[in-house]
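Structure at a glance
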Amino acid sequence: MSAPRRRIVRPPTQPPDPNNHVRVQKLRVRLECERAALLRWQARLKRAFNTVQKTQARITRLERQLARPDP
């Protein structure tokens, strides 16, 4: 005996919202602001990372010089 087919229950569709265009436009403006902020922070992060790398290299070089026995 086969089981009856099940119906897929979907929520009823809603008519398009007239304010949707305004909401989407506001979200796009916010997205552009956030992208600009991210680019600014990434530039700062890149500069900070390069500074840390240079400082670590100087520390390593000084430690190596200190570990070397004097002639």
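As a starting point, this report considers the structure included with it. Please read all numbers here as calculations on a predicted model, not as lab measurements. (Residues numbered from 1 in each chain as written. Predicted model: local features only at pLDDT ≥ 70, side-chain atom pairs only at ≥ 80, totals over all residues. Heavy atoms only, no water.)

**A short note on the overall build of the protein chain**
To keep things clear, this is the line we draw: Helix and strand assignments come from DSSP, with helices taken as H or I runs of at least 4 residues and strands as E runs of at least 2, each series counted from the N terminus. Note on classification: 1.4 Å probe, protein chains only; a residue is buried when its accessible area is under 20% of the maximum for its type, exposed when over 50%, partly exposed between these limits. To measure how exposed things are, a 1.4 Å probe is used in the Shrake-Rupley method; for residues, cover is taken only from the protein chains shown. In this charge count, Lys and Arg are treated as positive and Asp and Glu as negative; neither His nor the chain ends contribute. Charged groups are reduced to one reference atom each: NZ for lysine, CZ for arginine, CG for aspartic acid, CD for glutamic acid.
Counting its secondary structure elements, the protein chain contains one helix and zero strands. Principal-axis analysis of the C-alpha atoms gives the protein chain an extent of 95 × 50 × 5 Å. Sorting the 71 residues of the protein chain into buried and exposed places 1% on the buried side. Accessible surface, the protein chain as shown: approximately 8,100 Å² in total, 58% of it carbon and sulfur. Each charge sign in the protein chain was given a centre, from 18 positive and 5 negative side chains, and these centres are 10 Å apart.

**Points about the packing of aromatic side chains**
Put simply, the rule reads: To pair, rings of Phe, Tyr and Trp, with the six-membered ring standing in for Trp, must have centres within 6.5 Å; the planes then decide the type, stacked if under 30 degrees apart, edge-to-face if over 60, and tilted in the middle. Whether a charge lies above a ring is judged from NZ of Lys or CZ of Arg, which has to be within 6 Å of the ring centre and within 35 degrees of the ring normal.
Enumeration according to the criterion identifies zero aromatic pairs in this entry. Lying across the ring of tryptophan 41, arginine 44 places its NZ or CZ 4.7 Å from the centre.

**Considerations on the pattern of salt bridges**
For clarity, the threshold we go by: A side-chain nitrogen of Lys or Arg and a carboxyl oxygen of Asp or Glu constitute a salt bridge if their distance falls within 4 Å.
Evaluation of the coordinates by the stated rule reveals one salt bridge. Here glutamate 32 and arginine 35 are joined by a salt bridge, their closest N and O atoms 3.6 Å apart. You can see glutamate 32 and its partner arginine 35 sitting in helix 1 (residues 20-67), three residues apart, about one turn around the helix.

**Brief notes about the environment of asparagine 19**
Summarising the element assignment, asparagine 19 is placed in the segment before helix 1. Judged by its relative accessible area of 52%, asparagine 19 is exposed. Residues asparagine 19 and arginine 30, eleven residues apart in the sequence, show an inter-C-alpha distance of 17 Å.

**With respect to a positive patch on the surface**
To be explicit about the condition: Like charges are joined within 9 Å and nonpolar side chains (Val, Leu, Ile, Met, Phe, Trp, Tyr) within 5 Å, but only among residues with over 30% relative accessible area and no salt bridge; these make up the patches.
A cluster of basic side chains, namely Lys54, Arg58, Arg61, Arg64 and Arg68, defines a positive patch on the protein surface. Topologically, arginine 61 is positioned in helix 1.

**Some thoughts on the environment of proline 18**
Residue placement: proline 18 occurs in the segment before helix 1. For the pair proline 18 and threonine 51, spaced 33 residues apart in sequence, the C-alpha separation works out to 52 Å.

**So, the environment of isoleucine 59**
With respect to the helices, strands and loops of the structure, isoleucine 59 is situated in helix 1. Of the residues examined, isoleucine 59 reaches a relative accessible area of 43% and is grouped as partly exposed. A sequence separation of 37 residues divides isoleucine 59 from valine 22, and the C-alpha atoms of the two residues are 55 Å apart.

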